[in-house]
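A structural walkthrough
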Amino acid sequence: MNRYALWKYIGIVIALILGAIYTLPNFYGESPAVQVSSGRQTVRIDTALMSRVETILKDAQIPNAGVFFDTIGPNSTVRVRFADTDTQLTAKDTIQRALDPNPEEPAYVVALNLISNTPSWLVGVRALPMYLGLDLRGGVHFLLQVDMRAAVDKRLDTLTSDIRTQLREKSIRHSGINKTPASIEIRFRDQEMRARAQDLLRTQVGELALRETGQGEDLALVAALTPAAQREIQDSALRQNISTLHNRVNELGVAEPVIQQQGADRIVVQLPGVQDVARAKTLLGRTATLEIRLVDQDAMAAGTSGAVSVPERTAGGGIRQVPLKREVIATGNQLNGASATLDENQQPATAVRMDEAGGRAMRAATRENIGRLMAIVLYEKGKGEAISVATIQSELGNNWRITGRFTIQETTDLALLIRSGSLAAPMEIIEERTIGPSLGAENIDRGFKSTLYGFAAIALFMIVYYRVFGLISVAALTVNLMLLIALLSLLQATLTLPGIAAIALTLGMAIDANVLINERVREELRGGRTPQQAIYDGYDKAFATIFDSNITTLIAGLALLTFGSGPVRGFAVVHVLGILTSIFSAVYVSRAMVNLYYGTRKKLPAISIGQVWKPGAATPVGAK
Amino acid sequence: MEFFKIRRTIPFMRYSLILNAISAISFLIAVGFLIFRGLNLSIEFTGGTVMEVAYKEAAQLEQIRGAVEQQASGEFQVQNFGTSRDVLIRLPLRQGFTSGQQAERVMETLRAQNPNVELRRVEFVGPQVGAELAQDGLLALLMVVIGIMVYLAFRFEWKFAVAAIVANLHDVILVVGMFSIFGWEFSLPVLAAVLAVLGYSVNESVIIFDRVREHFKKMRRATVIEVIDSAITATISRTIITHGCTLAMALSMLFFGGPALHYFALALTIGILFGIYSSVFVAAAIAMYLGIKREDLVKPVKREDDQQVVP
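1. Observations regarding the overall build of chain B
Across its full length, chain B holds 10 helices and six strands. In terms of overall dimensions, chain B is more spread out than a globule: its C-alpha atoms have a radius of gyration of 26 Å, far above the 19 Å expected for 311 residues. With the principal axes as the frame, chain B shows a C-alpha extent of 105 × 50 × 35 Å. Buried positions account for 49% of the 311 residues belonging to chain B.

Here is the structure:
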């Protein structure tokens with residue numbers, strides 16, 4: 001009766017082999033590496049670069065342990081593995097100098113990294129080690145909140161000036177355009193003008209829903225963003241911010257950054273292994289947006305503040321107010337990039353690249369204003385500052401430069417400031433976690449040790465108390481641990497300290513199933529069953545109980561998974577998976593071992609499950 | 001080896017009244033503390049900044065306090081963390097300051113005092129995140145309670161579902177109450193531990209209820225109390241061994257897991273201890289008070305009336 005069909009044994013053996021294969025990569029560890037990735041959209045990483053890197057290292061006589069070319073999604077990287085961190089550091093400097101002779105405008109991003117030592121046959125079957133969370137490897141974690149109201153508001157601003165231009169071009173007379181918090185109000189004196197404006201706007205600006213109000217001489221058109229347009233603005237603001245963050249992170253040269261949307265209006269940024277936290281924070285935390293406007297020179301001459309007025313830091317270190325015209329020519333949205341460069345006279349300058357719409361707007365605005373002043377205004381936390389006020393020398397388009405008596409440092413800084421302004425909506429850090437690398441290593445060590453000692457204590461007790469059945473229980477628990485790690489590696493789950501705690505706790509709880517079975521078998525023996533019958537009944541009766549009790553634990557785990565966040569989720573994932581693997585290993589794997597060991601014997605006088613104590617002639621425990 | 005040489009059924013239910021009275025009183029004390037004193041919530045819930053710094057030699061807490069005082073407004077805390085060289089600094093939220101600024105300024109001041117200071121960890125949580133987390137935590141607790149009750153009502157009977165949930169919420173309230181009484185820090189991992197304890201204790205009650213059902217079937221003449229007593233007696237060895245094993249794991253985390261796992265492991269340890277007590281004395285007793293009957297669990301066997309008499 002205690003025999004499994006062959007297919008069951010085969011199934012279990014296959015599960016064990018798969019478990020072993022996918023657990024294995026976690027034991028190989030990581031070795032120091034240098035990663036080269038693209039620094040610009042136009043620079044492609046290909047196998048030619050791979051051989052170039054190889055040559056550079058050979059020329060510098062730096063030994064390496066392998067050069068790899070990988071493509072993950074749209075991004076390709078070349079990675080070189082080294083024997084130790086000292087070689088890694090020299091190699092990084094050498095490669096960087098060779099590939100990026102001009103550090104101001106890097107074509108490649110060269111970063112320090114760790115790569116797994118997993119052999120290629122394991123990588124071939126997608127057996128990869130678990131990804132370590134920031135609390136285990138050290139690094140920075142930010143949660144950024146995107147200010148969506150500001151994104152919508154900004155779009156309304158741009159639309160307001162669009163409408164103004166279009167009405168002027170078609171000579172539609174109006175008596176004022178006002179932006180209210182959620183809509184644009186255009187006032188008219190007569191019906192005809194309003195009707196014409198309505199026709200024009202309906203065809204030209206699809207994002208707005210138009211509504212007529214007012215009567216007699218005081219007519220108006222109220223234009224509000226359609227819900228679809230609002231959603232679109234929010235989506236694109238988020239996308240734009242994520243791509244800006246990508247660029248900023250690239251400047252940091254982080255090897256495996258995580259930049260992801262979380263919920264409708266949040267972005268998670270994780271920078272593993274970053275040491276220079278202050279720099280990362282200033283770069284990411286810059287919640288700036290950028291606007292290009294004409295300077296109101298009449299107001300400047302008169303010494304009044306004009307429509308808007310922003311401060312500018314002058315070369316002497318003072319601050320002067322710059323009055324600006326109401327219209328916004330272009331915003332950070334329309335910016336493609338900015339970099340330090342040299343002009344025709346080999347003088348340092350800052351080059352600015354804009355997208356099509358931005359270029360068109362610049363052309364239209366600058367054509368009529370040659371010789372006048374234009375200001376680039378950077379908004380940080382709601383306060384504007386003119387970072388550049390320059391004379392328009394000619395009609396500008398998609399690409400233009402800011403020249404003047406600049407040093408290289410000044411043009412680099414200006415380019416960085418302009419780039420930092422290309423966020424679509426301001427962001428604010430609402431959660432931040434920094435974990436030093438030494439703390440990360442300590443956390444791994446502590447998590448590992450507490451699991452190990454706890455496991456050892458349980459194993460010792462089980463073997464002493466239940467003998468062969470205890471040994472089988474411990475083996476089943478080991479299988480459980482292996483399958484759990486294999487599953488986590490297969491899912492490429494991120495292992496965190498709460499995750500390790502969950503592994504430990506799951507093991508502590510999983511032994512319950514084996515204790516239940518063993519106690520049940522003992523009870524059956526006490527009740528006078530033959531050993532074979534006791535094994536059969538023990539497993540049979542314990543199963544319903546194990547199933548029921550695990551379901552309730554599973555419900556708790558799933559609730560944690562659904563409503564938990566951050567560390568709690570990491571805990572919950574492991575907990576839920578652990579429950580599933582523990583049912584399999586405690587019930588089926590241990591039964592298979594028992595069947596193999598005892599089930600094949602024809603005569604089985606006794607089984608080794610520790611002392612089966614019978615209360616003599618007294619009333620037996622439980623019921624008969 | 002056999003630890004449990006039990007000769008006869010232990011009359012657990014005989015002590016249930018007195019023990020449940022003690023439970024009720026301690027439950028009320030815990031609730032009282034939770035209402036009047038509240039929890040020492042971690043910054044994950046309240047918002048604020050936590051910094052962990054390490055010195056090469058024993059840290060001078062007074063000096064550090066002075067340094068932090070220059071930079072922080074409102075209530076702040078400076079305390080040792082794990083060893084005398086590690087210091088944990090808690091700063092409240094401050095209007096107009098972004099996350100990093102505050103921590104950086106404190107670090108600058110500390111570095112000026114002693115260049116050997118190393119920043120180990122910074123955690124900043126904004127106010128809106130904290131409120132959401134607290135809300136999500138309560139929602140998770142509610143979903144666990146509802147999910148488990150529905151399952152138990154379906155698998156057993158509503159009286160068992162109510163009894164199990166009351167008994168295990170009693171555990172949860174007592175664990176959380178301990179955190180309130182001793183002013184231990186209640187953080188997200190502690191919440192996870194508490195919810196895990198809830199699932200684990202219910203698991204415990206389920207095992208006893210399973211036996212109660214089985215013994216109702218077998219012991220047809222026994223009274224309800226006799227059935228419950230015999231079910232608990234039959235499972236007591238497994239209850240103690242299992243909890244002992246889980247407790248060994250929790251204690252291992254408490255002793256070797258370092259400060260990061262300290263309160264998590266503490267919540268588990270206390271939760272497991274209460275779990276043993278509540279599943280033995282509280283859950284079954286409540287089911288008894290609710291008046292469980294044999295008929296609730298054992299469906300009467302239908303007679304097979306295949307034969308018909310036809311005129």
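2. Focus on helix α6 (residues 158-182) of chain B
In this model α6 of chain B runs 36 Å from its N-terminal to its C-terminal C-alpha over 25 residues, within 8% of the 36 Å that 1.5 Å per residue would give. Positive phi appears at G183 of chain B, one or two residues downstream of α6 of chain B, with a value of about 65 degrees.

3. Some details on the domain arrangement of chain A
Taken domain by domain, chain A holds domain 1 (6-23 + 437-599), domain 2 (30-115), domain 3 (149-230) and domain 4 (286-430). Centre-to-centre separation of domain 2 of chain A and domain 3 of chain A, based on C-alpha positions: 54 Å.

4. Topic: the nonpolar core
Counting residues in each nonpolar core, the largest one holds 199 residues, and the members touching the most others are A501 and L560 of chain A together with V194, L195, V197 and A267 of chain B. For this core, the element with the most residues is helix α9 (residues 258-289) of chain B, which contributes 19 residues.

5. Re helix α13 (residues 437-490) of chain A
All names here are of chain A. The terminal C-alpha atoms of α13 lie 26 Å apart, and with 54 residues this falls more than 12% below the ideal 80 Å at 1.5 Å per residue. The largest bend in α13 amounts to roughly 145 degrees and is located at Y466. Once α13 ends, the next one or two residues include Q492, with phi positive near 55 degrees.

6. As for the interface of chain A and chain B
Taken together, the contact between chain A and chain B spans 69 residues of the former and 69 residues of the latter. Elements that contribute at least two residues to the side of chain A that touches chain B include exactly α9 (277-285), β21 (427-435), α13, α14 (497-526), α15 (531-563) and α16 (567-599) of chain A. When its residues are assigned to classes, the side of chain A that touches chain B shows 37 nonpolar, 22 polar and 10 charged. Here five bridges tie β21 of chain A to strand β5 (residues 118-125) of chain B, and the two strands are oriented antiparallel to one another. The partner of T434 of chain A across the bridge, within β5 of chain B, is V122 of chain B.

7. Some points on the packing of helix α1 (residues 16-36) of chain B against α6 of chain B
Each pair of packed helices gets described by two things: the angle between the helix axes and the distance between those axes. Residues and elements named next belong to chain B. Between α1 and α6, the least distance of the axes is 8 Å, while the angle of their chain directions is 50 degrees. Viewed along their axes, α1 and α6 adopt a mutual orientation that is oblique. Taken as a pair, α1 and α6 cross one another with a handedness that is left-handed. For the pair α1 and α6, contact is made by S23, S26, F27, A30, V31, F33 and L34 and by H170, I173, L174, V176, G177, S180 and I181, respectively. Its residues assigned to classes, the contact of α1 with α6 comprises nine nonpolar, five polar and no charged.

8. Remarks on the sheet that holds strand β8 (residues 183-188) of chain A
Residue and element names in this part refer to chain A. What the four strands build is an open sheet, ordered β7-β8-β10-β9; its pairing is antiparallel. The open sheet is flanked by β7 (177-179) and β9 (208-215), the only strands paired with a single partner. Direction aside, the axes of adjacent strands within the sheet are offset by 20 degrees on average. Of the strand pairs in this sheet, β8 and strand β10 (residues 218-225) are connected by six bridges, and their pairing is antiparallel. By the bridge assignment, E185 is partnered in β10 with V222. Across the sheet, helix α6 (residues 148-169) lies against β7, β8, β9 and β10, angled at about 175 degrees from β7, the strand it touches most. Here helix α7 (residues 191-204) sits on the sheet and contacts β8, β9 and β10; the angle it forms with β10, its principal contact strand, is near 15 degrees.

9. Digging into the confidence of the model for chain B
Overall, the predicted model of chain B reaches an average pLDDT of 84, with 92% of residues at or above 70. Reported confidence for the predicted complex is 0.85 by ipTM and 0.75 by pTM.

10. Describing the environment of L290 of chain B
Residue and element names in this part refer to chain B. Locating L290 in the fold gives a position in the loop between α9 and α10 (294-297). Of the residues examined, L290 has 15 C-beta atoms within 10 Å and is grouped as partly exposed. Sequence separation of L290 and L273 is 17 residues, and the distance between their C-alpha atoms is 25 Å. Other than its neighbours up to four places away in sequence, L290 contacts K159, V162 and A163.

11. Describing the sheet that holds β5 of chain B
Strand pairing in a sheet is mediated by backbone hydrogen bonds. Such pairs are either parallel or antiparallel. Taken together, eight strands build an open sheet; the order of strands is β11(A)-β12(A)-β6(A)-β21(A)-β5(B)-β2(B)-β4(B)-β3(B) and the sheet is antiparallel. Strand pairing shows two members of the sheet lacking a second neighbour, β11 (258-262) of chain A together with β3 (77-81) of chain B, which therefore form its edges. Adjacent strand axes in the sheet meet at a mean angle of 20 degrees when their direction is disregarded. The pairing of β11 of chain A with strand β12 (residues 266-272) of chain A spans five bridges and is classified as antiparallel.

12. Some remarks on unusual backbone geometry
All names here are of chain A. In this model, R467 sits at a positive phi of 55 degrees, which is unusual for a non-glycine residue. When you line up the elements, R467 lands in helix α13. Residue classification places R467 among the partly exposed residues on the basis of 17 C-beta atoms within 10 Å. One non-glycine residue with positive phi stands out, namely Q492, at about 55 degrees. Given 11 C-beta atoms within 10 Å, Q492 falls into the exposed group.

13. Examining the confidence of the model for chain A
Taken as a whole, chain A shows an average pLDDT of 82; of its residues, 91% reach a score of 70 or greater. Low pLDDT, under 50, characterises residues 617-624 of chain A; the stretch is placed with 17 contacts to residues that sit more than four places away or in other chains.

14. Details of the domain arrangement of chain B
Each assigned domain of chain B is listed with its residue range as follows: domain 1 (12-40 + 129-297) and domain 2 (48-125). Distance from the C-alpha centre of domain 1 of chain B to the C-alpha centre of domain 2 of chain B: 39 Å.

Conventions we followed
- Residues numbered from 1 in each chain as written.
- Chains lettered and ligands numbered in written order.
- Predicted model: local features only at pLDDT ≥ 70, side-chain atom pairs only at ≥ 80, totals over all residues.
- Helix = DSSP H or I, 4+ residues; strand = E, 2+ residues; numbered from the N terminus.
- Rg over C-alpha atoms; globule rule 2.2 N^0.38 Å.
- Buried ≥ 20, exposed ≤ 12 C-beta atoms within 10 Å, placed from the backbone.
- Expected span 1.5 Å × (residues − 1).
- Domains from an automatic or database assignment.
- Core = buried A, V, L, I, M, F, W, Y, C linked by C-beta atoms within 7 Å.
- Bend = angle between axes of the 7 residues up to and from the residue.
- Contact = placed C-beta atoms within 7 Å.
- Nonpolar A, V, L, I, M, F, W, Y, C, P; charged D, E, K, R; others polar.
- Pairing = 2+ DSSP bridges.
- Axes fitted to C-alpha atoms, helices over the stretch in contact; angles between N-to-C directions.
- Parallel < 35°, antiparallel > 145°, perpendicular 65-115°, else oblique.
- Left-handed = near helix turned anticlockwise from the far one by under 90°.
- pLDDT = per-residue confidence, 0-100.

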